[in-house]
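# Tertiary structure, described
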Amino acid sequence: LLVLWLNRLPLMHEDSRDIPPNLQDTISSPVTHLPSFSLEIEKKLALTNSWFEDKWSFVYFTHGQCLPQCLPSLQNLSELQASYANADFQFLTVGLDSQHETADELAEFLLSQGFEFTSATANTEEIDKLSKAFIALYLQTDFSDGSYQIEQEHHIFLVDPKGRVYARFKPPYSSASISEQFLKLRHFYAKTE
């Protein structure tokens, strides 16, 4: 995973913000502008960069065979969704298994586990491009018998109202700890943007 991470790391640019020490592990420095993308969401609708505009968005990369490793992250995301249930917030799951799973299938899997998020996927190249921008690491291993396994990190990402990757929450976390950090991030955002 380390080699994969190093190959996906975008070129770093100077960040002129004076980031408080309590936010340095969470905030993206510098913020990452998302490349143009088009994902397919449920019912074959399209999701593009404009979906992120003017809202805070929590994003989690996952797939329908992720259990049990992804369950804590999905539960925390669901608790955040309940806490921030208003028009200023949105929650997105991006499917990593685009070769074997549609957005509808990912949404059905999540719903069967009691989670209701906007679910999206795309072709492998588009998912790779987006995961690289987020620095959402995953690795698919194909076996000779036709089976495969996907390993992933379980980071929850925060996209700001300008459509940029603003922060990443790394396990171990809880919805309470993410909410606490989010309030600090929003305060810092208001002062620096």
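Because the structure is a prediction, the values reported are computed rather than measured. (Residues numbered from 1 in each chain as written. Predicted model: local features only at pLDDT ≥ 70, side-chain atom pairs only at ≥ 80, totals over all residues. Heavy atoms only, no water.)

Counted under the stated rule, the structure contains 1 disulfide. The disulfide that involves C66 links it to C70, with 1.9 Å between the sulfurs. Measuring handedness by torsion sign, the sulfur bridge of C66 and C70 sits at about 50 degrees and is right-handed. Judged by its relative accessible area of 3%, C66 falls in the buried class. With relative accessibility at 0%, the residue C70 sits in the buried group. (Disulfide = S-S within 2.5 Å. Buried < 20%, exposed > 50% of the residue type's maximum accessible area, 1.4 Å probe, protein only.)

With that settled, consider the side chain of S73. In this fold, S73 is placed in helix α2 (residues 71-83). A polar contact is formed between the side chain of S73 and the side chain of Y173, at a distance of 2.8 Å. Ignoring any residue separated from it by four or fewer positions in sequence, one finds S73 in contact with Y60, H154, I156 and Y173. (Helix = DSSP H or I, 4+ residues; strand = E, 2+ residues; numbered from the N terminus. Polar contact = N/O pair within 3.5 Å; in protein donor to acceptor, adjacent residues only side chain to side chain. Contact = heavy atoms within 4.5 Å.)

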